[in-house]
Amino acid sequence: EQNPVAALAALKSFPTWLIRRWLHQFNPDETAALCDAINTIPPVTLRANTLKVQPEMLLKTLTDDGETVLATSMAPEALLLRHPQKPIEEFNVFQRGWFQVQDEAAQLVTILLDPQPGERVLDACAGLGGKTGHIAQRMQNSGIVVALDVNAAKLKRLMTEMERLGISIVRPYTVDLSSGRLSANHGPYDRILLDAPCSGLGVLRRNPDAKWYVKETALGGCGRRQVEFLNRLAVQLKPGGVLVYAVCSSEPEEGEAVVAAFMKNHPDYRLDNAADYLPQRVGTPLTRDKFFKTSPHRHGSDGFFAARFRRMP
């Protein structure tokens with residue numbers, strides 16, 4: 001009662017600066033619940049590759065193989081896999097490309113983007129291709145997905161993953177968005193996803209050591225870089241196109257503040273209501289002030305923030 005910040009930090013094993021921030025956002029009981037959710041080993045979340053199998057068939061196949069599998073409450077293609085009996089990569093259905101491992105909140109980010117068959121779509125920070133695969137899957141493997149990343153080795157692994165999934169529409173390019181140089185022949189795009197580099201505070205349950213080396217002073221720098229990336233990508237979008245900004249963090253410097261800075265400099269963009277593009281059963285509970293936000297203690301998923309912009313014609 002005398003020092004709740006120090007008490008929660010010691011009891012839950014978190015830095016005092018994180019506890020202090022969360023107590024500004026939540027009451028003490030909810031802050032404790034968030035800490036407990038992060039300190040709990042999360043289940044493995046799968047996303048059925050609907051180019052090859054429907055979620056119901058994947059669930060049945062895994063159950064028949066003796067795995068404990070459950071349908072989820074938010075993303076329509078997601079399944080929870082608990083206590084797998086062997087490494088994921090040894091599953092026969094994994095080798096056949098029937099699923100990717102991807103958190104439920106990350107799956108909802110692609111649903112928010114809503115890519116359509118035949119479009120030209122940019123995944124601006126593609127990494128190892130979790131969202132790239134989902135975008136191509138939602139496009140029914142028709143159109144073009146341009147996958148950018150600064151790390152050529154990651155893009156090589158991404159293309160191996162696309163081959164496993166049976167996806168042929170992805171075009172990889174090694175690009176450093178920090179340099180500001182985007183080839184003119186890349187765009188324009190119907191849709192752009194910027195899953196931006198961030199503090200990663202929303203995925204601490206998967207990377208628990210990060211809470212000790214991420215510094216509070218880094219959040220402002222993350223936000224400035226995220227705005228910089230958005231500004232460079234904004235000119236690549238077609239009029240009427242959709243730009244989704246996402247981070248695996250719920251901290252305001254990387255969320256609401258980034259959106260406000262971007263909107264101030266881009267009067268040709270408006271903010272869509274995220275709830276209108278998410279599954280009806282979860283749309284409203286996961287949105288606030290038009291933004292998409294999840295947290296481990298409230299939704300059983302990673303902590304994500306996302307905003308959907310539309311460029312005016």
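Please refer to the structure higher up on the page.
Residues numbered from 1 in each chain as written. Predicted model: local features only at pLDDT ≥ 70, side-chain atom pairs only at ≥ 80, totals over all residues. Heavy atoms only, no water.

Chemist: I'm lost on the packing of helix 1 (residues 4-12) against helix 2 (residues 16-25) in this one. Help?
Modeler: Helix-helix packing is described using two parameters, namely the angle between the two axes and the distance between the axes. Between helix 1 and helix 2, the least distance of the axes is 9 Å, while the angle of their chain directions is 120 degrees. Here helix 1 lies oblique to helix 2, going by the angle between them. For the crossing formed where helix 1 meets helix 2, the hand is right-handed. Of helix 2, the residues touching helix 1 (which contributes Pro4, Val5, Leu8 and Ala9) are Thr16, Ile19, Arg20 and Leu23. Partitioned by chemical class, the residues of the contact of helix 1 with helix 2 number six nonpolar, one polar and one charged. (Axes fitted to C-alpha atoms, helices over the stretch in contact; angles between N-to-C directions. Helix = DSSP H or I, 4+ residues; strand = E, 2+ residues; numbered from the N terminus. Parallel < 35°, antiparallel > 145°, perpendicular 65-115°, else oblique. Left-handed = near helix turned anticlockwise from the far one by under 90°. Contact = heavy atoms within 4.5 Å. Nonpolar A, V, L, I, M, F, W, Y, C, P; charged D, E, K, R; others polar.)

Chemist: Just to check I follow, could you spell out the pattern of salt bridges for this structure?
Modeler: Charged atoms that come close allow side chains of opposite charge to pair. Counted by the stated rule, this structure contains 21 salt bridges. When the shortest N-O distance is used, the salt bridge between Arg21 and Glu216 registers 3.0 Å. With a gap of 195 residues between them, Arg21 in helix 2 and Glu216 in the loop between helix 9 (210-213) and helix 10 (218-234) connect regions that are remote in the sequence. When the shortest N-O distance is used, the salt bridge between Asp195 and Lys131 registers 2.8 Å. (Salt bridge = Lys/Arg side-chain N within 4 Å of Asp/Glu carboxyl O.)

Chemist: Got a minute to help me understand the sheet that holds strand 1 (residues 44-48) in this structure?
Modeler: The strand order 2-3-1-4 describes an open sheet built from four strands, whose pairing is antiparallel. Single-partner strands in this sheet number two, and they are strand 2 (68-71) and strand 4 (99-101). Direction aside, neighbouring strands of the sheet carry axes that sit 30 degrees apart on average. Running at roughly 30 degrees to strand 1, helix 6 (residues 104-113) makes contact with strand 1 and strand 3 (78-82) of the sheet. (Pairing = 2+ DSSP bridges.)

Chemist: Before we go on, may I ask you to explain the packing of aromatic side chains in this structure?
Modeler: Aromatic ring pairs: the centre-centre distance and the angle between the two ring planes describe each pair. One pass over the structure, following the stated rule, counts six aromatic pairs. Relative to Trp22, the ring of Phe14 has its centre 5.6 Å away and its plane inclined at 65 degrees; by these criteria the two rings are edge-to-face. Judged by relative accessible area, which is 3%, Trp22 ranks as buried. Among the aromatic residues, ring-to-ring pairing joins Tyr245, Phe291 and Phe305 into one connected group. In this arrangement the basic side chain of Lys211 is found over the ring face of Phe14, its NZ or CZ atom lying 4.0 Å from the centre. Above the plane of the ring of Tyr277 lies Arg308, whose end atom (NZ or CZ) is 3.5 Å from the centre. (Phe/Tyr/Trp six-rings, centres within 6.5 Å; stacked < 30°, edge-to-face > 60°. Buried < 20%, exposed > 50% of the residue type's maximum accessible area, 1.4 Å probe, protein only. Lys NZ or Arg CZ within 6 Å of the ring centre and 35° of its normal.)

Chemist: Which parts of the structure should I look at to understand the state of the cysteines?
Modeler: Cysteine pairs can be linked by a disulfide, which is a covalent bond between their two sulfur atoms. On inspection of all chains with the given rule, the structure shows zero disulfides. Left without a disulfide partner, Cys222 is nearest to the cysteine sulfur of Cys198, which lies 6.9 Å away. Judged by its relative accessible area of 16%, Cys222 falls in the buried class. This cysteine, Cys248, is not joined by any disulfide, and Cys198 carries the nearest cysteine sulfur, 3.4 Å off. (Disulfide = S-S within 2.5 Å.)

Chemist: In this structure, what is going on with unusual backbone geometry? I would like to understand it.
Modeler: Excluding glycine, most residues fall at negative phi; most peptide bonds, likewise, are trans. One non-glycine residue, Asn141, lies in the positive phi region at around 55 degrees. By secondary structure assignment, the location of Asn141 is in the loop between helix 7 (130-138) and strand 6 (144-149). In this structure, Lys290 is a non-glycine residue whose phi angle is positive, near 80 degrees. For Lys290, the location among the structural elements is in the loop between strand 11 (287-288) and strand 12 (291-294).

Chemist: So what exactly am I meant to see when it comes to the pairing of strand 6 here?
Modeler: Consecutive residues of a regular strand have side chains that alternate between opposite faces of the sheet. Across the six residues that make up strand 6, a large majority, five, are buried. Sheet analysis places strand 5 (residues 120-123) next to strand 6, joined by four bridges and oriented parallel. Across the sheet, the residue bridging to Val121 is Val145, located in strand 6. Here five bridges tie strand 6 to strand 7 (residues 170-174), and the two strands are oriented parallel to one another. Within strand 7, the position partnered with Val146 by the bridge is Arg171. Handedness of the β-α-β unit built from strand 6, helix 8 (residues 152-165) and strand 7 comes out right-handed. (Right-handed = clockwise from strand over helix to strand, strands pointing away.)

Chemist: So what exactly am I meant to see when it comes to the nonpolar core here?
Modeler: Judged by nonpolar contacts, the single largest core of 37 residues is most densely connected at Leu108, Val109 and Phe292. Of all the secondary structure elements, the ones that give two or more residues to this core are helix 6, helix 7, strand 6, helix 8, strand 9 (237-247) and strand 13 (304-311). Take this core: its biggest share by element is seven residues, from helix 6. If near-sequence neighbours (up to four positions away) are discounted, Leu108 is found in contact with Met74, Ala75, Leu278, Pro279, Leu286 and Phe292. Formed by 30 residues, the second largest nonpolar core is a distinct cluster that contains Leu182, Ala234, Val258 and Leu271. (Core = buried A, V, L, I, M, F, W, Y, C linked by side-chain atoms within 4.5 Å.)

These values are about where atoms sit, not about what they do.
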